[in-house]
Amino acid sequence: MIRLLVRRLLTGLATVFFIVTATFLAVHWVPGDPLLQDKGQAPEVRAQLIHEYGLDQPLGVQYGVYLRKLARGDFGISFTQQNRSVNDIIREHFPVSATLGLLALALATLGGILLGSISALRRGRAADQATRLAVILGISVPSFVFAAILQYGVSELNQRAGMTVLPVGGWGTAAHLLLPSLVLGLGTLAFLTRLMRSSLLEVITQDHVRTARAKGLSERQVFWSHQLRNALLPVITTLGPAVAALTTGGFVVESVFAIPGLGRYFVQAVQQLDYTVILGLTVFYGTFLVLMVVAIDLVYAWVDPRIRWEHHG
Amino acid sequence: MSQEPPQLNGMKATDITSFFVLGHTQEGLTRIDANGKPSPGVARSWELSDHGAVFHLRNEARWSDGQPITARDFVYAWRTVLQPRTASSFAFLLFPVRNAQAISEGKLDASKLGVSAPDDHTLKVEFERPCAYFLGLTSAAITYPIREDIHRRFGDKYGADANQMIFSGPFLLSSWIHGASLKMTRNPHYWNRAAIRLDAIEVPAITPDTNAKFNFFKDRKVDLIDTLGRDDLLKATQQGYKLRPFADGSVLFLAFNFRAGRATRNLNLRKALAAVFDPSEYVQRVVTIPGTQPGLGLVPRWMQGHRARFRDEHRLEPRRPDFAAAKRYLEAARRELGGRIPPLTWLTGDTAQGAREAEYFQQAFRRHLGITLHIDKQIFKQRLAKMNQGRFDIASSVWGPDYNDPLTFVELATAWNAANRGQYRNAEVDQKVRAAQVTADPARRLELLAQAEAIALDELAFLPTHERTVMWMTQPWLKNVIRHPIGPDPDLTQASIVSTGGRGP
């Protein structure tokens, strides 16, 4: 178990290093630089800023400086918000994205397992048909459409009611979480429902399930201890990337519902070519994703004993 | 609000969101009044001459911690702004002050700046050259006073958060949750607090999504939308909201590229392109915002001249399409360019409106001149990079005024202006603008600027397309909102909430 962990972490580190290098080169090769301004700048002003941010150094030197700072956990200062560090941006905005993401994930996972199971157990019947239709909608309709429709609906509702039944957006109270986490989790919910359904359908027909029934277990016991547990494996595998994807912020959801999450900073940074923010957030996301994959590997090993044996051998 | 202020350090701010917040939480020597004229701010009176100015500060002006605002706070601020280390983009506004430019170039120490505080309530300014519009500059964000102790305490973090700054204006920033919300509340120490009728200005949400803003308005969470998206206009009308036009002061124009090897260097080609352009039709069919004015000169119609509006004192003939003349110009251009006109590249932003504008010209040039136009849509920084590097033939451009004087527009045509991205060069234009900068007589000065503008327009350095108007709306209970082309906009310092029987915010 320990060896598996160490090996996975080392590969993860290499992956992150690769991400840093590739992103560093990519942002610097894009035409333009973050200090350009619409109105133009006096040459002295520009020269001073270029010097402050070290852009007057050769690219190799800049890369070295960046790596040294990174090793100390310093992501540098933003180019667009010249008095805020990228560390501050992550510290202030990641918790927002994470709260929203975890809630969305909880909705998606519980809903996905529930709907997927119902759909598989009632295969071919009305409940299954309805779920499958909903899944197709959930996967194919982009989140900005859902977000816009929901928000419009709520603003109509509030207007009719003459009071704020649900906030149309913003941040601060639990009520602010409901709509955005629903929209954010919807795609994953649909995907997990489909995955759970097909996975369960496969398990249902397997030998050990028949054996379980043959030795006289009740349908309920068969489902809980023999079908569900096995059918969950593929769902768990996808949870790692899903956690990372949902908690690192959705630009669309954050924009529409005016939520101060990381996703918006990331997209703005790309538009503004804010080197340090793009790099910092990419490295942060990358590391987070890698850690999630490792974590899921461990959970997987715990749920499926066959994996433990393989690596112990 | 579409985005949050990148920072609230007045010396470094360059964007309208920051100017809006700063304009309500800080105050300079003067403020812009409802008519766009400077009115007393921290200074209660002043004397101006060709050589300098003396400002008399009011005794009752206070910082938000109750300490008096003194002339020393201005001296400190202006010296700091001009230091090269500060790298302030708008420092050039102070160049009329003696030695300012030399200090900003690192040639002189900041203590040599022509500004002094003989006592706590007198600020003396010496000019490098006569400056007719100096009073208008004293409400700009870079001229706000700065408290040395506070600025030094927070250093590079000054203005990064609500508790890392101090306020001299009618409101103070009581909370700023990055990316989420802002709240400004009445400053209890503001000298003119009795005139402020709003208890607080809240920005409950920050999002670039125009649809979302609209829904916030509908839900009465916001009382004002300063700019409606083109697609929201119809929706707003259907909902029965009253839309109001606001000419925001910006002029939109095409910048031609004059760099070596560019076909657009050829005057006859530029004349041919301009001759097929119909500003009125363009405004009606492409821009489509009611109230938009077709392009005329570099200096827009609203700008004040000597006694009347500058455009009324220095008239320009409206441009009309002339297809026969276009053909002649095109023939001449073809001869001069060696028999064929190469395809031209049009550089624009990645917005839907930018694309619509480009497509209009693409069609007009193809149909009337047989010229192919390639449209190069770029996101913000890449577009700027290409403009600076000269990788375009025609760049669709916009210029908003930095201060209240025609010079802010005419200077675009000079060799030294960093925003002259087509690198148009004309020694006569440069010489006339230089002369205007040192001329004290206002009528003569504006005459020189008008001559410089006329030369640049005759040579088609730029082709003005329109003067921008935006549509905006407020809830019926919000009154007396002022819109300014220059300075903090929208201005809520005189606004009030009146009871309409409905639900207030």
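Nothing here was measured: the structure is a model prediction, and the numbers come from that model.

The rules we used
As a convention, each chain's residues are numbered from 1 in the sequence order in which they are written. Chains and ligands are labelled by the order in which they are written, letters from A for the one and numbers from 1 for the other. For a predicted model such as this one, the threshold for reporting local features is a pLDDT of at least 70, and the threshold for listing and counting side-chain atom pairs is 80 or more; totals across whole chains, interfaces and linings nevertheless cover every residue. Only hydrogens and water are set aside; all other atoms, that is, all heavy atoms of the structure, feed into the side-chain values. The secondary structure listing takes helices from DSSP runs of H or I that are at least 4 residues long and strands from runs of E that are at least 2 residues long, numbered from the N terminus. Burial classes: relative accessible area under 20% of the type maximum marks a residue as buried, over 50% as exposed, and values in between as partly exposed (1.4 Å probe, protein chains only). In this analysis, two residues are considered to be in contact whenever any of their non-hydrogen atoms come within 4.5 Å of each other. Exposure was quantified through the Shrake-Rupley algorithm and a 1.4 Å probe, taking into account, for residues, occlusion by the shown protein chains and nothing else. In summary, the charge assignment counts Lys and Arg as positive and Asp and Glu as negative, without counting His or the chain termini. Here the site of a charge means NZ on Lys, CZ on Arg, CG on Asp, or CD on Glu. We compute the radius of gyration from the C-alpha atoms alone; for a globule the expected value is 2.2 Å times N to the 0.38, where N is the number of residues. Here, the term nonpolar core denotes a set of buried Ala, Val, Leu, Ile, Met, Phe, Trp, Tyr and Cys residues that are joined through side-chain atoms within 4.5 Å.

### What about the overall build of chain A?
Argument step 1. Per the secondary structure count, chain A includes 13 helices and zero strands.
Argument step 2. Expressed as a percentage of the 313 residues in chain A, the buried residues total 47%.
Argument step 3. Put simply, of all contacts in chain A between residues at least 6 apart along the chain, 72% involve residues at least 24 apart.
Argument step 4. Approximately 15500 Å² of chain A is accessible, and the part contributed by carbon and sulfur atoms is 68%.
Argument step 5. Across chain A, the centroid of the 25 positively charged side chains sits 13 Å from that of the 18 negatively charged ones.

### Let's talk about the overall build of chain B
Argument step 1. Per the secondary structure count, chain B includes 16 helices and 18 strands.
Argument step 2. A compact globule built from 505 residues would reach a C-alpha radius of gyration of about 23 Å, and chain B, at 24 Å, matches this within 12%.
Argument step 3. Overall, chain B is about 75 × 55 × 40 Å in size when its C-alpha atoms are taken along their principal axes.
Argument step 4. When each of the 505 residues of chain B is scored for burial, the buried share is 58%.
Argument step 5. A sequence separation of at least 24 residues applies to 66% of the contacts in chain B between residues at least 6 apart.
Argument step 6. Surface exposure of chain B reaches about 20400 Å², of which carbon and sulfur atoms provide 47%.

### With respect to the nonpolar core
Argument step 1. Grouped together as the largest cluster of nonpolar side chains are 218 residues, with contacts concentrated most on Phe 55, Trp 78, Leu 123, Val 125 and Leu 173 of chain B.
Argument step 2. With 13 residues, the top contributor of residues to this core is helix 12 (residues 275-303) of chain A.
Argument step 3. Not counting the four nearest positions on each side in its chain, Leu 123 of chain B is found in contact with Leu 29, Ala 53, Val 54, Phe 55, Leu 57, Ala 71, Phe 74, Val 75, Trp 78, Val 115 and Ser 116 of chain B.
Argument step 4. Within the second largest apolar cluster, seven residues are counted, among which are Leu 36 of chain A together with Ala 385, Met 387 and Ala 395 of chain B.

### Structural notes on helix 13 (residues 380-389) of chain B
Argument step 1. Counting buried positions along helix 13 of chain B gives seven out of 10 residues, so the element sits mostly inside the fold.
Argument step 2. Taken as a whole, helix 13 of chain B has its buried residues at Lys 381, Gln 382, Arg 383, Leu 384, Ala 385, Lys 386 and Met 387 of chain B.
Argument step 3. Those residues of helix 13 of chain B that are buried are in contact with helix 11 (262-272) of chain A together with strand 13 (344-349), strand 14 (373-378) and strand 15 (394-399) of chain B.
Argument step 4. The first or second residue beyond helix 13 of chain B is Gly 390 of chain B, which carries a positive phi of 80 degrees.

All quantities given are derived from atomic positions and should not be read as evidence of function.
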